[in-house]
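Observations on chain architecture
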Amino acid sequence: MAEGENEVRWDGLCSRDSTTRETALENIKQTILRKTEYLRSVKETPLRPSDGLSNAVSLDGLNKLLAHLLMLSKRCPFKDVREKTEFILKSVQELGIRIPRPLGHGPSRFIPEKEILQVGSEDAQMHTLFADSFAALGRLDNITLVMVFHPQYLESFLKTQHYLLQMDGPLPLHYRHYIGIMAAARHQCSYLVNLHVNDFLHVGGDPKWLNGLENAPQKLQNLGELNKVLAHRPWLITKEHIEGLLKAEEHSWSLAELVHAVVLLTHYHSLASFTFGCGISPEIHCDGGHTFRPPSVSNYCICDITNGNHSVDEMQVNSAGNVSVSDSFFEVEALMEKMRQLQECRDEEEASQEEMASRFEIEKRESMFVFSSDDEEVTPARDVSRHFEDTSYGYKDFSRHGMHVPTFRVQDYCWEDHGYSLVNRLYPDVGQLIDEKFHIAYNLTYNTMAMHKDVDTSMLRRAIWNYIHCMFGIRYDDYDYGEINQLLDRSFKVYIKTVVCTPEKVTRRMYDSFWRQFKHSEKVHVNLLLIEARMQAELLYALRAITRYMT
Amino acid sequence: MEKMSRVTTALGGSALTGRTMHCHLDAPANAISVCRDAAQVVVAGRSIFKIYAIEDEQFVEKLNLRVGRKPSLNLSCADVVWHQMDENLLATAATNGVVVTWNLGRPSRNKQDQLFTEHKRTVNKVCFHPTEAHVLLSGSQDGFMKCFDLRRKDSVSTFSGQSESVRDVQFSIRDYFTFASTFENGNVQLWDIRRPDRCERMFTAHNGPVFCCDWHPEDRGWLATGGRDKMVKVWDMTTHRAKEVHCVQTIASVARVKWRPECRHHLATCSMMVDHNIYVWDVRRPFVPAAMFEEHRDVTTGIAWRHPHDPSFLLSGSKDSTLCQHLFRDASQPVERANPEGLCYGLFGDLAFAAKESLVSTESGRKPYAGDRRHPIFFKRKLDPAEPFVGLASSALSVFEMEPGSGSMSWFVDTAERYALAGRPLAELCDHNAKVARELGRNQVAQTWTMLRVIYSSPGLASAASLNHSVGKGSSCGLPLMNSFNLKDMAPGLGSETRLDRSKGDTRSDTVLLDSSTTLITNEDNEETEGSDVPADYLLGDVEGEEDELYLLDPEHAHPEEPEYVLPQEAFPLRHEIVDTPPGPEHLQDKADSPHVSGSEADAASLAPVDSSFSLISVSHALYDTRLPPDFFSALVCDMLRFYAEQGDVQMAVSVLIVLGERVRKDIDEQTQEHWYTSYIDLLQRFCLWNVSNQVVKLSTSRAISCLNQASTTLHVNCSHCKRPMSSRGWVCDRCHRCASMCAVCHHVVKGLFVWCQGCSHGGHLQHIMKWLEGSSHCPAGCGHLCEYS
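In this text the structure is predicted, and so the values were computed from the model without any measurement. (Residues numbered from 1 in each chain as written. Chains lettered and ligands numbered in written order. Predicted model: local features only at pLDDT ≥ 70, side-chain atom pairs only at ≥ 80, totals over all residues. Heavy atoms only, no water.)

**Re the overall build of chain B**
Heads up, the condition is: Only DSSP runs of H or I with at least four residues qualify as helices, and only runs of E with at least two residues qualify as strands; both kinds are numbered from the N terminus onward. Partly exposed residues are those whose accessible area sits between 20% and 50% of the maximum for their type, while under 20% is buried and over 50% is exposed, using a 1.4 Å probe and protein chains only. Should any heavy atoms of two residues lie within 4.5 Å, those residues are considered in contact. Per-residue and other accessible areas were derived by the Shrake-Rupley procedure at a 1.4 Å probe size, with only the shown protein chains allowed to occlude residues.
Within chain B, the regular secondary structure consists of 20 helices and 36 strands. Within the span of chain B, comprising 790 residues, buried residues form 51% of the whole. Long-range pairs, those at least 24 residues apart, make up 52% of the contacts in chain B with a sequence separation of at least 6. Summed over all atoms, the accessible surface of chain B reaches about 37200 Å², with 53% contributed by carbon and sulfur.

**Description of unusual backbone geometry**
The phi torsion at tryptophan 515 of chain A lies on the positive side, around 50 degrees, for a residue other than glycine. Positionally, tryptophan 515 of chain A belongs in the loop between α23 (508-513) and α24 (520-550). For lysine 230 of chain B, which is not glycine, the phi torsion reads 70 degrees and is therefore positive. Here lysine 230 of chain B lies in the loop between β19 (222-227) and β20 (231-236). Overall, lysine 230 of chain B belongs to the partly exposed group, its relative accessible area being 28%.

**Brief notes about the sheet that holds strand β14 (residues 166-171) of chain B**
All names here are of chain B. Threshold: Paired strands, in this sense, are two strands between which DSSP finds at least two bridges. Each axis is a line fitted through C-alpha atoms, and for a helix only the stretch in contact is used; angles between axes span 0 to 180 degrees, taken between their N-to-C directions.
On the basis of which strands lie adjacent, the open sheet formed by four strands has the order β14-β15-β16-β17 and antiparallel pairing. Both outer strands of the open sheet, β14 and β17 (201-204), are each paired with one neighbouring strand and no more. Shown here is a sheet whose adjacent strand axes are inclined to one another by a mean of 15 degrees, direction ignored. The pairing of strand β15 (residues 178-183) with strand β16 (residues 187-192) spans five bridges and is classified as antiparallel. Paired with serine 181 across the strands is glutamine 189, a residue of β16.

**With respect to the interface of chain B and chain A**
The test is simple: Take the accessible area each of two parts loses on contact, using a 1.4 Å probe, and add the two losses: that sum is the buried area. Take a side-chain nitrogen of Lys or Arg and a carboxyl oxygen of Asp or Glu: if they are within 4 Å of each other, that pair is a salt bridge. Residue type decides the class: Asp, Glu, Lys and Arg count as charged, Ala, Val, Leu, Ile, Met, Phe, Trp, Tyr, Cys and Pro as nonpolar, and the leftover types, Gly among them, as polar.
Each side of the interface is counted separately: chain B has 30 residues, and chain A has 26 residues. Where chain B abuts chain A, roughly 2700 Å² becomes buried across the two surfaces, and 50% of that area is made up of carbon and sulfur atoms. Sorting the residues of chain B by area buried against chain A places Arg46, Arg228 and Met273 of chain B first, and these three jointly supply 24% of that buried surface. Across the chain B-chain A interface, the total number found is five salt bridges. For the salt bridge of aspartate 417 of chain A with arginine 167 of chain B, the shortest nitrogen-to-oxygen distance reads 2.5 Å. In the side of chain B that touches chain A, the residues fall into seven nonpolar, 12 polar and 11 charged.

**Description of the nonpolar core**
So the rule is basically this: Buried residues of nine kinds, namely Ala, Val, Leu, Ile, Met, Phe, Trp, Tyr and Cys, make up a nonpolar core once their side-chain atoms join them within 4.5 Å.
Of all hydrophobic cores here, the largest spans 137 residues; its most connected members are Met147, Leu223, Trp253, Leu258, Phe274, Ile464 and Ile496 of chain A. Residue contributions to this core peak at 16 residues, all from α24 of chain A. Beyond its immediate sequence surroundings of up to four residues, phenylalanine 274 of chain A is in contact with Ile143, Val146, Met147, Gly279, Ile280, Val524, Asn527, Leu528 and Ile531 of chain A. If you look at the next biggest cluster of nonpolar residues, it comprises 48 residues, including Ala446, Leu452, Tyr677 and Tyr680 of chain B.

**Digging into the confidence of the model for chain A**
For clarity, the cut-off: Across the chain, each position has a pLDDT score giving the predictor's confidence in that residue, from 0 to 100.
On average, chain A scores 76 in pLDDT, and the residues at 70 or more come to 76%. Ranking the elements of chain A by mean pLDDT puts helix α13 (residues 297-306) of chain A last with 37 and helix α12 (residues 255-277) of chain A first with 91.

**Some points on the pairing of strand β18 (residues 210-215) of chain B**
Residue and element names in this part refer to chain B. Of all six residues making up β18, six are buried, and the element is well covered by its neighbours. In this structure, β18 lies alongside β19, joined through five bridges in antiparallel fashion. Directly across from valine 210, in β19, lies its bridge partner glycine 227. Hairpin connection, β18 to β19: the antiparallel pair is bridged by six residues.

**So, the pattern of salt bridges**
A complete count under the given rule lists 34 salt bridges over all chains for this structure. Between glutamate 118 of chain B and lysine 146 of chain B there is a salt bridge, with the nearest N and O atoms lying 3.5 Å from each other. With a gap of 28 residues between them, glutamate 118 of chain B in the loop between β9 (112-116) and β10 (123-128) and lysine 146 of chain B in strand β12 (residues 144-149) connect regions that are remote in the sequence. For lysine 146 of chain B, a relative accessible area of 10% gives the class buried. Residues aspartate 639 of chain B and arginine 642 of chain B are paired through a salt bridge, measuring 3.8 Å at the closest nitrogen-oxygen approach. Taken as a pair, aspartate 639 of chain B and arginine 642 of chain B lie in helix α14 (residues 631-647) at a separation of three residues, close to a single helical turn. It is possible to trace a salt-bridge network through shared partners that takes in Arg409, Asp412 and Asp477 of chain A together with Arg46 of chain B.

**Considerations on the packing of aromatic side chains**
Short version of the rule: Note on aromatic pairs: the rings of Phe, Tyr and Trp (six-membered ring only in Trp) are paired at centre separations within 6.5 Å, and the planes decide the class, stacked below 30 degrees, edge-to-face beyond 60, tilted for the rest. Two limits define a charge over a ring: the Lys NZ or Arg CZ must be within 6 Å of the ring centre, and within 35 degrees of the ring normal.
If you walk through the whole model with that rule in mind, you get 38 aromatic pairs over all chains. Three or more aromatic residues joined by ring pairs make a cluster, and in this case those are Phe110, Phe492, Tyr495, Tyr511, Phe514, Trp515 and Phe518 of chain A. Over the ring of tryptophan 222 of chain B we find arginine 264 of chain B; its NZ or CZ atom is 5.0 Å from the centre of that ring.

**Structural notes on helix α7 (residues 443-456) of chain B**
Worth spelling out the cut-off: Every helix has an expected span of 1.5 Å times one less than the residues it contains.
With 14 residues, α7 of chain B should reach 20 Å at 1.5 Å per residue; the first-to-last C-alpha distance of 20 Å fits that figure. Across the 14 residues that make up α7 of chain B, a large majority, 14, are buried.

Next up, the structure:
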């Protein structure tokens with residue numbers, strides 16, 4: 001069989017035109033059935049030794065296709081595609097080939113599947129979003145499905161991501177995905193790495209690069225250092241880093257390319273935070289998202305326990321939740337009360353300047369020691385660690401050595417005045433897109449808190465935002481950091497700190513133990529705040545260094 | 001005169017003196033403000049708050065207001081302002097949201113007077129009332145503006161900007177009660193100080209934050225605003241709606257804007273990022289700054305004119321920790337460095353060229369032309385005395401007009417439409433295209449096609465007649481592409497002159513002569529060795545090109561009265577000889593028939609210089625005999641394509657590229673191909689040859705090109721009922737669950753082609769409507785409209 005015939009073209013499915021999709025589906029069906037037939041006929045004839053290998057290869061190829069079909073049957077926003085792909089899978093199964101089934105429960109390990117919007121039951125606005133996303137990427141990823149709790153933000157997020165990855169920009173497409181891989185690998189985020197490895201190969205990237213950074217061009221290797229510093233200790237970025245990248249003879253970056261790369265790096269660092277923070281499950285068609293094993297009892301247990309999604313486990317959590325219902329109810333009440341107090345007596349007791357300054361320092365220092373007591377070592381996911389070197393370099397590392405984080409004053413260099421102008425100058429339109437995204441994330445509110453309605457949450461949001469910036473040493477002159485201590489309790493701080501600084505260490509327990517009475521959508525909202533604040537913090541440091549280089 | 005006297009009275013009889021100078025501060029400055037007496041300036045920043053006296057030769061530090069054991073955040077200033085009525089009174093805005101007033105008259109070391117801690121976030125701006133001694137206004141990040149009476153402990157009134165951060169507040173200089181405020185969302189509001197409940201007026205001035213504003217010191221209604229969108233806009237506020245009267249586009253976000261005293265149209269700006277210079281603009285000339293100060297090494301954060309009635313002294317503070325005094329006479333003027341020359345193509349191919357007169361006059365030896373009598377064009381500009389660039393404004397304009405008819409591109413359109421690019425064997429394509437070219441009188445092109453056919457298809461199929469024909473007439477016309485210009489000089493009264501270098505033209509013709517002779521030699525060489533027809537043709541073409549350029553460049557040869565151009569004989573001996581050569585139709589008809597060939601060669605030999613052109617034919621023979629592989633020629637063909645492309649006939653280059661396909665593609669680098677394709681497609685689209693352009697896109701193999709017609713191929717339909725786009729299916733609206741497009745004839749949903757009447761907007765299936773309108777002229781929907789189907 002010629003390779004060309006076997007090529008399955010998925011892109012027709014992204015069309016909004018149902019007839020185009022239909023023909024594409026028909027083609028896929030033909031190809032897959034042909035392959036299946038072929039495999040079956042080979043299987044039936046006695047094996048020749050030389051065939052063994054090629055058979056395995058073609059079975060592998062078929063399995064990949066089937067996994068993709070499975071993903072489509074679950075996650076395509078178009079109903080016709082979902083139905084048809086399911087039908088194809090069934091017919092393949094009838095031919096005696098084992099078909100995959102999805103593992104785990106839904107897009108997130110932390111959030112029960114029933115809480116998350118099912119594909120197919122979305123309203124018109126979300127459907128448009130899904131269709132847009134699907135048309136752009138050829139898939140509807142789990143991140144999108146979790147973010148759709150906040151469609152307003154999702155729209156901006158997808159627009160930005162689409163622009164960064166697919167629209168006009170100084171970097172070639174495969175570079176962009178490779179930078180995404182580099183950034184995600186810094187946090188050992190196998191989910192994002194897998195996703196972008198596929199995309200990278202799809203846009204014609206050289207598979208050799210995937211064997212490790214040392215196989216990539218020197219130019220990208222040079223970026224490794226910036227990636228490392230940016231991910232873990234952005235305050236250490238100096239104009240020398242920038243100069244090193246811009247003046248490397250034939251491997252130099254141009255300023256525009258560098259800004260593009262920096263935006264991509266920060267985007268993927270924070271997206272890795274989101275992935276871990278919300279416990280995003282592997283995509284159905286990627287490794288670990290599906291299995292070909294039949295759902296036997298023993299298998300079920302093994303794979304699902306490792307996913308942290310065991311039904312019994314969930315029961316326990318629920319019962320635990322029930323026990324502490326009254327507890328957590330008070331938690332919300334107490335928080336509301338504190339906010340009210342702060343609102344009222346803000347003007348009365350005026351802390352001295354020294355007091356304010358020391359509050360910031362205390363918060364900054366304390367934030368270094370806020371860490372979950374259960375020091376679980378998460379083993380780096382398979383294949384991920386090769387994309388970066390120097391695994392030991394991390395935020396935590398630093399805090400143990402008690403290094404001093406210099407204070408970055410937002411009044412001297414802020415996103416709105418400085419960062420925006422620089423980004424927009426060097427990478428037109430992106431400044432605008434990111435600016436919108438920051439605004440939406442910062443100002444997003446439904447005026448609800450757990451079971452309460454009509455609450456002004458701006459104070460709480462500001463506390464979260466400033467707490468994250470505080471961890472990165474960014475100080476707002478006009479903020480009283482005492483508020484943070486009042487509003488954010490320890491378990492919440494642990495969660496924030498872990499998600500932002502060492503996302504790979506986030507556990508289900510952490511996710512469950514903060515804000516127990518709050519809805520999942522609110523926890524996702526918190527995550528959005530976290531990732532945007534983190535992205536802005538990293539961007540501020542990187543852009544300040546670029547500005548310093550330029551002047 | 002009246003103005004002058006006012007200045008002197010304002011300056012108290014003694015004019016300001018000083019020089020361009022700077023002094024080093026200990027820390028970056030955030031803002032500066034000048035005292036009423038123009039002798040002192042206050043500099044404020046995160047860790048600096050000092051008063052300097054401005055002396056003739058230097059700045060002298062007079063007072064450090066930053067006192068106390070531990071620096072408090074109240075001293076971290078975002079803005080500072082000096083009262084224009086009371087020289088002891090200052091106010092600062094702190095980054096932590098505190099507004100502080102300072103009284104220099106206090107006897108103690110600490111001059112701090114009052115502390116207002118009402119704002120919750122950073123205060124961006126403070127502003128004193130221009131005439132009232134005790135009124136202070138502040139604008140903060142928390143979205144509030146507060147008005148303080150310094151005799152009281154707290155604010156008198158609070159103005160809410162609806163939680164949009166306030167970036168600047170400025171009291172109107174003329175209207176006692178009015179102030180303007182600018183916001184981060186791009187809005188500008190006008191407030192009446194007596195009415196804190198709502199603003200008097202609001203409009204969107206910029207895209208993104210408006211960082212600053214400034215009222216015109218004289219003109220009551222003018223407000224200048226500067227924003228992150230890199231614009232400075234001047235608004236006329238006297239009309240009912242704020243009207244944008246001027247707009248200056250700068251190169252970076254505008255951090256500060258200040259009107260220049262005594263110069264009605266001048267304002268100074270500085271930027272917040274990237275650009276460190278201070279510009280003074282004439283708002284009527286928004287493209288080039290009138291003056292530029294380049295002293296600072298980091299962004300300028302504060303600018304102030306030293307005296308409200310003296311336009312020549314500007315003070316500035318910067319992040320590079322320096323305080324500067326700039327003298328206007330020392331400013332650099334970008335205009336001087338500008339290159340005031342312009343070149344522009346007209347709609348019908350006319351070419352206009354303008355340059356500084358000084359440049360023109362240096363050219364000697366040109367006698368001014370008396371202008372074309374048929375199309376007299378006069379250029380006379382009324383000189384505006386207010387014009388800032390008067391000295392530079394005298395320029396000469398020349399217009400080169402297209403000879404009527406010669407600019408016609410009909411050949412291009414015809415060729416594009418009639419060329420066959422695919423779908424037939426190569427030989428047929430070449431023949432067809434050669435025929436098309438010949439019929440349009442483009443014999444050189446026709447000949448090229450024929451040769452391509454000879455090179456790339458089997459020799460047996462060669463159609464001799466066409467080959468011969470094109471050889472015979474090959475040189476009777478040049479590339480039609482070369483436009484001939486009829487030169488005219490405009491407005492001799494203004495002293496304008498055409499600037500075509502005559503001497504250059506002359507040397508050109510020399511080289512042409514030289515070239516053609518070398519051509520001859522090379523051709524003969526070619527003939528003797530292995531020779532190929534293509535280079536001969538190529539070189540011939542080259543000569544043609546030169547000739548046309550010469551025609552263009554050397555107006556001396558052209559008579560203005562007689563636009564019909566006559567080729568100077570001596571420069572082109574070859575050309576005319578060839579025309580005279582009797583075509584040998586039998587020439588190739590029978591390849592074995594050598595006597596014929598030699599016979600005509602003998603004929604040709606009598607006309608000495610013709611040899612080269614005949615090398616074409618004899619080479620063709622050599623080709624057949626030795627059967628050189630077509631690959632052998634690919635380099636030459638590529639050269640030829642490049643030649644055509646360079647001549648401007650990208651049509652030929654692309655057409656050949658498509659027709660030959662794989663045969664030559666690999667020899668031309670991808671980028672060049674892409675470039676040709678895009679140029680050709682662009683041209684085609686300009687002539688509205690959409691079908692052809694799409695065909696070209698389709699036939700191209702370059703990835704970047706072929707994806708052109710795959711972008712934005714989806715056409716979305718809006719529901720006629722709810723006006724929302726119907727994204728899933730084109731005929732049913734998801735929102736209102738209605739079928740959007742019903743056929744008026746059969747009352748079913750139209751899923752395919754929908755045709756509708758633009759008069760009554762009824763329609764339906766194409767076939768149904770066509771059928772209906774055959775029988776009736778009224779609308780099938782019964783609306784009574786007389787629909788027309790065309």
